[in-house]
Amino acid sequence: SWSIYIEILRKEFLVGQEEVQWTKIGVFYVIFYGVLAALFAVCMWVFFQTLDPRIPTCKLSGSLIGTSPGLGFRPSPPSDNVESTLIWYKGTDPEQYQHWTKSLEKFLEVYRKPGSTPGRGQNIYNCDYDRPPNENQVCDVDVKNWFPCTQENKFNYHKSAPCVFIKLNKIYDWVPEYYNDTDNLPEKMPVSLKEHIVKQKKLNPQLLKTIWVSCEGESPADIENIGPIKYIPRRGFPGYFYPYKNSEGYLSPVMAIHFERPRTGILINIECKAWARNIVHDRQDRVGMVHFELMID
């Protein structure tokens, strides 16, 4: 009986020893992973101390974006076909063009209601070519009076003569190089734009500080079908919006392209380009330009 009792005590002792051993292992791993987590948190804290929330670490040629901005267009296609570049609707059917007008309303809401953009309010300045903003100001973009490309006018979609809005993508610290010399304009620049630039120079040489925009049909058939185009409020983006410094409340300049009489019932391929000496045009990568299609039934 004593031997049985001693054996029971030995087994209980071994079980107790095993439990103590597992407890020690558990405490070790808790401390080990706790120290690792603390070291990781300290490293992340030190890393974020080296970053500026407004100024990117890599800029211009040192960044993935590069030194040549691209163009974007609105309205955006439906979410179920987000990769499409086709604006397609029936001009006499409100339900058909409602998506496009609602998309533009959403896009332009921050321009129509300055208070909806964080930090935008007291620092808004009515800029002009002879009144550039200072470091604490951002230029106003008043889209309310761009008739017929206004929300109240349904952006003219109901008249089968729609407006498409164009914007230049933001690149931190990028400064445009303007075409100040009208005698050395690019050979591939549309003739109508060259003539427009010459006229602007005669009106006011300050107006040459503009990133010009041209929109054309891609093929001869598209050029024939696209009809006359009106650029609102001007044919380009004023230079006083640049360089982009990620200022609080900053909004990218936009412009409206009004297609006054596009041919209906046919697909029209359209290409818009931004023009400055340091903007490169690349169709494959869509640098310095944007492509979209327009079809009105």
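Definitions and cut-offs
Residues numbered from 1 in each chain as written. Predicted model: local features only at pLDDT ≥ 70, side-chain atom pairs only at ≥ 80, totals over all residues. Heavy atoms only, no water. Helix = DSSP H or I, 4+ residues; strand = E, 2+ residues; numbered from the N terminus. Areas by Shrake-Rupley, 256 points an atom, 1.4 Å probe, with all protein chains shown as cover. Pairing = 2+ DSSP bridges. Axes fitted to C-alpha atoms, helices over the stretch in contact; angles between N-to-C directions. UniProt positions renumbered as here; feature names shortened; annotations may be inferred. Polar contact = N/O pair within 3.5 Å; in protein donor to acceptor, adjacent residues only side chain to side chain. Contact = heavy atoms within 4.5 Å. Phe/Tyr/Trp six-rings, centres within 6.5 Å; stacked < 30°, edge-to-face > 60°. Buried < 20%, exposed > 50% of the residue type's maximum accessible area, 1.4 Å probe, protein only.

1. A look at the overall build of the protein chain
So, step 1. Within the protein chain, the secondary structure is distributed over 4 helices and 11 strands.
So, step 2. Taken as a whole, the protein chain presents about 17,900 Å² of accessible surface, with 55% of it coming from carbon and sulfur.

2. Brief notes about unusual backbone geometry
So, step 1. Cis peptide bonds are those with omega within 30 degrees of zero, and the linkage from Arg74 to Pro75 qualifies with 20 degrees.
So, step 2. Relative to the assigned elements, Pro75 resides in the loop between β1 (71-74) and β2 (86-89).
So, step 3. Omega for the bond connecting Tyr242 with Pro243 falls within 30 degrees of zero, at 5 degrees, which places this linkage in the cis form.
So, step 4. Within the secondary structure, Pro243 sits in the loop between β8 (236-238) and β9 (254-259).
So, step 5. Although it is not a glycine, Lys154 sits at a positive phi angle of roughly 55 degrees.
So, step 6. On the secondary structure map, Lys154 appears in the loop between β4 (138-139) and β5 (163-168).

3. Side note on the sheet that holds β5
So, step 1. Strand order in the open sheet formed by 4 strands is β1-β5-β9-β7, with antiparallel pairing between adjacent strands. Looking at which strands have only one partner, the edges of the open sheet turn out to be β1 and β7 (229-232). Between one strand axis and the next, the sheet turns by 25 degrees as a mean value, whatever way the strands run.
So, step 2. Pairing of β1 with β5 involves 4 bridges; the strand directions are antiparallel. Across the sheet, residue Phe73 finds its bridge partner in β5, namely Ile166.

4. Comments concerning the environment of Val110
So, step 1. For Val110, the location among the structural elements is in helix α2 (residues 94-112).
So, step 2. Expressed as a C-alpha distance, the spacing of Val110 and Val141, which sit 31 residues apart in the sequence, is 9.9 Å.

5. Digging into the UniProt feature "transmembrane region" (unreviewed entry) in the protein chain
So, step 1. The sites that carry the UniProt feature "transmembrane region" (unreviewed entry) are, in the present numbering, residues 27-48.
So, step 2. Within residues 27-48, the helical portion is 100% and the strand portion 0%, while the C-alpha atoms at the span's ends are 32 Å from each other.

6. Observations concerning the side chain of Ser68
So, step 1. Among the structural elements, Ser68 can be located in the loop between α1 (2-49) and β1.
So, step 2. At 2.8 Å, the side chain of Ser68 forms a polar contact with the backbone nitrogen of Val280.
So, step 3. Each residue touching Ser68, except ones within four places of it in the same chain, is listed here: Ile171, Asn278, Ile279, Val280 and Val287.

7. Brief notes about the packing of aromatic side chains
So, step 1. Counted under the stated rule, the structure contains 14 aromatic pairs.
So, step 2. Measuring from ring centre to ring centre gives 6.1 Å for Tyr29 and Tyr33, while their planes differ by 20 degrees; the resulting arrangement is stacked. In this pair, Tyr29 and Tyr33 are both assigned in helix α1, 4 residues apart and thus about one turn of the helix distant.
So, step 3. Ring centres of Phe32 and Tyr33 lie 5.3 Å apart, and the angle between their planes is 70 degrees; this geometry places the pair in the edge-to-face category.
So, step 4. A residue is classified by how much of its surface remains accessible, and Phe32, at 38% relative accessible area, is partly exposed.
So, step 5. Grouping aromatic residues by their ring pairs yields a cluster made of Tyr29, Phe32 and Tyr33.

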